[in-house]
Amino acid sequence: MSNVYDKVMGCLESVREKTDFVPKVAIVLGSGLGDYAEKIRVEAEIDYSDIKDFPVSTVPGHAGKFIFGYVDDVPVVCMKGRVHYYEGYDISDVVLPTRLMKLMGAEILFLTNASGGINTSFGAGDFMLITDHISTFAPNPLIGPNIDAFGTRFPDMSEVYDKDLQDIIRQTAKDHNIPLKEGVYIQFTGPSFESPAEIRMAKTLGADAVGMSTVVEAIAANHMGMKICGISCVCNLAAGLSTNPLTHDEVQAAANKAAPLFKQLLTESVKRFV
Ligand code: HPA
């Protein structure tokens with residue numbers, strides 16, 4: 001069919017040589033959530049490097065593998081580490097893992113990430129339920145010949161983040177006294193952090209939080225008909241909103257600090273998905 005299609009199908013074959021586990025929920029772990037496996041009754045693990053042609057991340061803190069198992073009774077596949085466009089991969093490789101998890105059987109995609117807060121009511125350590133996104137500044141992962149087996153040429157994006165899943169996450173946060181903001185996430189390519197002028201632009205465009213992932217994965221998943229939800233951990237104020245220079249270490253430290261509560265919100269929400 002196409003190189004992109006053949007590559008994903010080759011990865012699926014490679015995975016199926018190692019496990020026949022069928023997940024219901026696919027979870028992408030952002031910065032700081034790497035040890036989420038402790039919440040999973042693990043059935044199988046596959047290092048990305050053991051999957052033929054699979055893109056392997058180069059970012060410190062993003063070393064990668066798929067973890068298959070159960071959160072409560074919900075079968076999940078968890079991505080410990082994702083690849084980012086700024087690492088130099090083709091955009092179709094950035095979304096390959098998302099497509100692969102759908103082909104493994106996952107119907108729901110739960111995206112998590114670390115972000116910079118643009119909305120001035122947000123502070124470091126806040127969680128933001130993603131209600132919509134702005135993809136304009138990242139390459140669209142569906143550019144190229146359409147893969148009809150995956151979805152339609154011009155997919156509707158008017159409700160990428162599933163309303164029912166959003167309600168479940170809101171209610172879960174409330175029941176566990178976990179403060180939860182909501183808003184629009186904008187993806188820039190990175191790897192440089194944004195300039196203050198870019199953040200002012202993003203704010204004008206309606207963005208509440210900024211990061212370097214997630215949106216392209218959501219687009220590819222929506223193309224394939226997955227139900228999608230996402231939570232962003234706001235790790236810093238975006239450029240120009242504080243006097244501190246931004247560093248990856250600061251982002252990682254804030255993500256690590258917020259991780260226990262983030263993991264609780266993730267686990268308790270996933271339990272309610274079925
Ligand atoms: N900008 C982009 N990506 C990020 C940020 C930010 O401020 N914080 C965490 N990831």
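Basis of the calculations
Residues numbered from 1 in each chain as written. Predicted model: local features only at pLDDT ≥ 70, side-chain atom pairs only at ≥ 80, totals over all residues. Heavy atoms only, no water. Helix = DSSP H or I, 4+ residues; strand = E, 2+ residues; numbered from the N terminus. Rg over C-alpha atoms; globule rule 2.2 N^0.38 Å. Contact = heavy atoms within 4.5 Å. Areas by Shrake-Rupley, 256 points an atom, 1.4 Å probe, with all protein chains shown as cover. Lys, Arg positive; Asp, Glu negative; His and termini not counted. Charge placed at Lys NZ, Arg CZ, Asp CG, Glu CD. Near = heavy atom within 4 Å. Polar contact = N/O pair within 3.5 Å; in protein donor to acceptor, adjacent residues only side chain to side chain. 1 Å grid on protein atoms, 1.4 Å probe; cavity = no way out; pocket = protein on both sides within 12 Å on 5 of 7 lines; lining within 4 Å. Points joined across faces, edges and corners; volume = space filled by probe spheres on them. Nonpolar A, V, L, I, M, F, W, Y, C, P; charged D, E, K, R; others polar.

Student: Looking at this structure, I do not really get the overall build of the protein. What am I missing?
Tutor: The helix and strand tally for the protein stands at 7 helices and 9 strands. In terms of overall size, the protein behaves like a compact globule, its C-alpha atoms giving a radius of gyration of 17 Å where 274 residues would be expected to give roughly 19 Å. Along the three orthogonal principal directions, the C-alpha set of the protein runs to about 50 × 40 × 35 Å. Contacts spanning at least 24 positions in sequence make up 83% of the contacts within the protein whose residues lie at least 6 apart. In the structure as shown, the protein presents an accessible area of about 11400 Å², 49% of it carried by carbon and sulfur atoms. Taken together, the 24 basic and 34 acidic charged side chains of the protein have centroids lying 3 Å from each other.

Student: I tried to follow the site of the ligand on my own but got confused; where do I start?
Tutor: With respect to spatial proximity, the complete set of residues near the ligand consists of A114, S115, G116, F193, E194, V210, G211, M212, N236, L246 and V251. Within the backbone of A114, a nitrogen or oxygen atom sits 3.4 Å from a nitrogen atom of the ligand. Within the side chain of N236, one N or O atom sits 2.7 Å away from a nitrogen atom of the ligand. Against a free-state accessible area of 260 Å², the protein chains account for coverage of 95% of the ligand. Residue assignment for the shell around the ligand shows that the elements contributing at least two residues are β5 (108-117) and β8 (209-211). It is β5 that contributes the most residues to the shell around the ligand, 3 residues altogether.

Student: Explain the layout of surface pockets to me, please; I cannot follow it from the model alone.
Tutor: Over the atoms, a rolled probe matching the size of one water molecule traces out where space is still vacant. There is about 360 Å³ of room inside the largest pocket. As for the largest pocket, its lining consists of 23 residues, of which A114, F193, M212, H248 and V251 are closest to the centre. Elements represented by at least two residues in the lining of the largest pocket include exactly β5, β8 and α7 (248-271). With 4 residues, the top contributor of residues to the lining of the largest pocket is β5. Looking at side-chain class alone, the lining of the largest pocket contains 10 nonpolar, 11 polar and 2 charged residues.

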